[in-house]
Amino acid sequence: MTTHAAVAAPGARLKKALRRREDHGGTPRLSPLWTFVAWLATLAFFAPVAWMVLTSFHQEADAATNPPSPLAPVTFDQYKLLFSRDITPFLLNSTMASVISTLLVLVLAVPTAYALSIKPVQKWTDVMFFFLSTKFLPAIAALLPVYLIVKDAGMLDNVWTLIILYTAMNLPIAVWMMRSFLAEVPKEILEAAEVDGAGLPTVLLRIVAPVAMPGLAATSLICFIFSWNEFMFAVNLTATNASTAPVFLVGFITSEGLFLARLCAAATLVSLPVLIAGFAAQDKLVRGLSLGAVK
């Protein structure tokens, strides 16, 4: 091998390696087969939701046919029936309980996660395990003592009872999520802020919050969804004044008569706030859930 060939050989191998890295390490491109499989899986997950929405625009007789007819006449009677039964108070109770409990969770979870990640306390792993251990007990096992405590406190059928319970239920999840998000905040930024004399509230509001905004959005949305969909405590601790949207849905299930179209209409209407919130925060949700996944 000549000197020129010996020098050129490593260069050629390097170019070949870089070209192979670009082919395999860059943005992955799915083959047409996997693209088709991905679309098929997406449609399979979306099909029940689409069928629910379509059924909500049918009459009860058309919705109960076997097999059901997707070409049945379209009507808005089911939605008119919903508003005639006054669904608004149920939606307002769900909104109040979900939004306020989510805000309280963030107020409590962010300083806690800050202490467990950026400024770790002693035996912080034991603290994290304690938060996780609170989710080991099934919620149904705590229903009776919770009911007795709420009854003795005179807070049955009170939306603030649900707010307190939802805050306690979502706080461990929020702490675990926010700790992983805050662990990605560059320590140099915090040290520079401390050198400039910034206190803890200033650091949290003006330094940590903007950097961890995707994580905050993801945590907020998940807590909001969990609170909005919670049913067991809502149906057992409320009656008429504080009932939430999931409790309203159960009222359409009867042992006599047809209720499928009305139930689909109510489920579609109740799902809209969560869908709108998820669509509005989808970019931050994806960034937040993938934060720290790739080093």
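We now turn to the structure provided with this report.

This part covers the nonpolar core. Counting 20 residues, the largest nonpolar core has Y114, I118, M178, L182 and V208 as the members making the most contacts within it. Of all the secondary-structure elements, those providing two or more residues to this core are α5 (88–117), α8 (159–182), α9 (187–195), α10 (200–211) and α11 (213–229). One finds F90, F252, A266 and V270 within the second-largest nonpolar core, a separate group that totals 16 residues.

This brings us to helix α14 (residues 260–280). End to end, α14 covers 30 Å across 21 residues, agreeing with the expected 30 Å (1.5 Å per residue, within 8%). The sharpest bend along α14 reaches about 35° and sits at L272, with the proline P273 one to four residues further on.

Enumeration according to the criterion identifies six aromatic pairs in this entry. Considering the side-chain rings of F57 and Y79, the 5.2 Å spacing of their centres and the 40° angle between planes classify their relative orientation as tilted. You can see F57 sitting in the loop between α2 (32–55) and α3 (60–63) and its partner Y79 sitting in helix α4 (residues 77–84), a full 22 residues away along the chain. Measuring from centroid to centroid gives 6.1 Å for F129 and F136, while their planes differ by 70°, and the two rings are edge-to-face. Of the two residues, F129 and F136, both sit in the exposed class. Ring pairs connect the aromatic residues F57, F76 and Y79, which therefore count as one cluster.

What follows is about unusual backbone geometry. Even without being a glycine, D86 presents a positive backbone phi close to 60°. Relative to the elements of secondary structure, D86 occurs in the loop between α4 and α5. A relative accessible area of 43% places D86 in the partly exposed class. One non-glycine residue, D157, adopts positive backbone phi at about 60°. D157 gets classed as buried once you look at its relative accessible area, which sits at 18%.

Here we take up the pattern of salt bridges. Opposite charge on two side chains lets them pair, provided their charged atoms get close. Per the counting criterion, the structure on display carries one salt bridge. Across the salt bridge formed by R262 and E60, the nearest N and O atoms sit 3.3 Å from each other. Of the two residues, R262 sits in helix α14 while E60 sits in helix α3, which places them 202 residues apart along the sequence.

Glancing now at a nonpolar patch on the surface. A surface patch of nonpolar side chains, amounting to about 560 Å² of accessible area, comprises L33, W34, F36, V37 and L40. Looking at the secondary structure, you find V37 in helix α2. Judged by its relative accessible area of 35%, V37 is partly exposed.

Analysis parameters
- Residues numbered from 1 in each chain as written.
- Predicted model: local features only at pLDDT ≥ 70, side-chain atom pairs only at ≥ 80, totals over all residues.
- Heavy atoms only, no water.
- Core = buried A, V, L, I, M, F, W, Y, C linked by side-chain atoms within 4.5 Å.
- Buried < 20%, exposed > 50% of the residue type's maximum accessible area, 1.4 Å probe, protein only.
- Helix = DSSP H or I, 4+ residues; strand = E, 2+ residues; numbered from the N terminus.
- Expected span 1.5 Å × (residues − 1).
- Bend = angle between axes of the 7 residues up to and from the residue.
- Phe/Tyr/Trp six-rings, centres within 6.5 Å; stacked < 30°, edge-to-face > 60°.
- Salt bridge = Lys/Arg side-chain N within 4 Å of Asp/Glu carboxyl O.
- Patch = residues over 30% accessible without salt bridge, like charges linked within 9 Å, V, L, I, M, F, W, Y side chains within 5 Å.
- Areas by Shrake-Rupley, 256 points an atom, 1.4 Å probe, with all protein chains shown as cover.

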